[in-house]
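Summary of the model geometry
Letter by letter, the chains look like this.
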Amino acid sequence: MNNYRDIIIRPIITEKSMKIMETDNKVTFEVAKGCNKTEVKQAVENIFGVKVVGVNILNTKPKTKRVGKYTGKTKVVRKAIVKIAEGQDINLFGE
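Residues numbered from 1 in each chain as written. Predicted model: local features only at pLDDT ≥ 70, side-chain atom pairs only at ≥ 80, totals over all residues. Heavy atoms only, no water.

To continue, consider the packing of aromatic side chains. Enumeration over the complete set of coordinates arrives at one aromatic pair. Where phenylalanine 29 meets phenylalanine 48, the ring centres are 5.6 Å apart and the plane angle is 25 degrees; that geometry is what we call stacked. Of this pair, phenylalanine 29 sits in strand S2 (residues 26–31) while phenylalanine 48 sits in helix H3 (residues 37–48), and the two are 19 residues apart along the sequence. (Phe/Tyr/Trp six-rings, centres within 6.5 Å; stacked < 30°, edge-to-face > 60°. Helix = DSSP H or I, 4+ residues; strand = E, 2+ residues; numbered from the N terminus.)

As a further point, take the pattern of salt bridges. Once the charged atoms of two side chains with opposite charge are near each other, the side chains can pair. Applying the stated criterion across every chain, the model contains two salt bridges. Taking the shortest distance from any N to any O, the salt bridge between arginine 10 and glutamate 30 comes out at 2.7 Å. Pair noted here: arginine 10 is in strand S1 (residues 8–11) and glutamate 30 is in strand S2, with a separation of 20 residues, a long-range link. Residue class for arginine 10 comes out partly exposed when judged on its relative accessible area of 39%. Ionic pairing is found between glutamate 30 and lysine 75, a salt bridge with its closest N-O pair at 3.6 Å. One end of the pair, glutamate 30, is in strand S2; the other, lysine 75, is in the loop between strand S5 (70–73) and strand S6 (77–84), and 45 residues separate them in sequence. A residue is classified by how much of its surface remains accessible, and lysine 75, at 54% relative accessible area, is exposed. (Salt bridge = Lys/Arg side-chain N within 4 Å of Asp/Glu carboxyl O. Buried < 20%, exposed > 50% of the residue type's maximum accessible area, 1.4 Å probe, protein only.)

Given 3.6 residues per turn, any residue in an α-helix points the same way as the ones three and four places further on. Here H3 contains twelve residues, and its C-alpha end-to-end distance of 16 Å stays within 8% of the 16 Å for a straight helix at 1.5 Å per residue. Of all the positions in H3, only Val40, Ala43 and Val44 are classed as buried. The buried side chains of H3 occupy one side of the element, clustering within an arc of 95 degrees when seen end-on. Buried residues along H3 sit against helix H1 (4–7), S1, S2, strand S3 (52–60) and S6. Near the N-terminus of H3, the side chain that reaches the backbone nitrogen of threonine 38, with its oxygen 3.3 Å away, is that of asparagine 36. Within two residues after H3, glycine 49 carries a phi angle of roughly 70 degrees, on the positive side. (Expected span 1.5 Å × (residues − 1). Arc of directions from axis to C-beta. Contact = heavy atoms within 4.5 Å. Polar contact = N/O pair within 3.5 Å; in protein donor to acceptor, adjacent residues only side chain to side chain.)

By the secondary structure assignment, serine 17 is in helix H2 (residues 15–24). When its relative accessible area of 4% is taken as the criterion, serine 17 is described as buried. Among the polar contacts made by the side chain of serine 17, one reaches the main-chain carbonyl oxygen of isoleucine 12 at a distance of 2.9 Å. When residues no more than four places from it in sequence are discounted, the contact partners of serine 17 are Ile12, Lys26 and Thr28.

Given below as structure tokens:
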């Protein structure tokens, strides 16, 4: 990857990700396919200026969905759950 912003695609905002953000100081991001934990750690530290303690990466498989007679699959997403050092945080909402 050439640029750190090519690795971090977007934050994932769900009820579950907000709960672990409040309790465990972890933030969930959608990351580029083919990147590893070290690249994700360096990207988060450089973009947001925080100390990263740990990174977990998971691949979500597509689910089959139906709308009427048409079937399709959801998008394949690679997620990274990043643990931030105590006392630091990432402001995702611009407050």
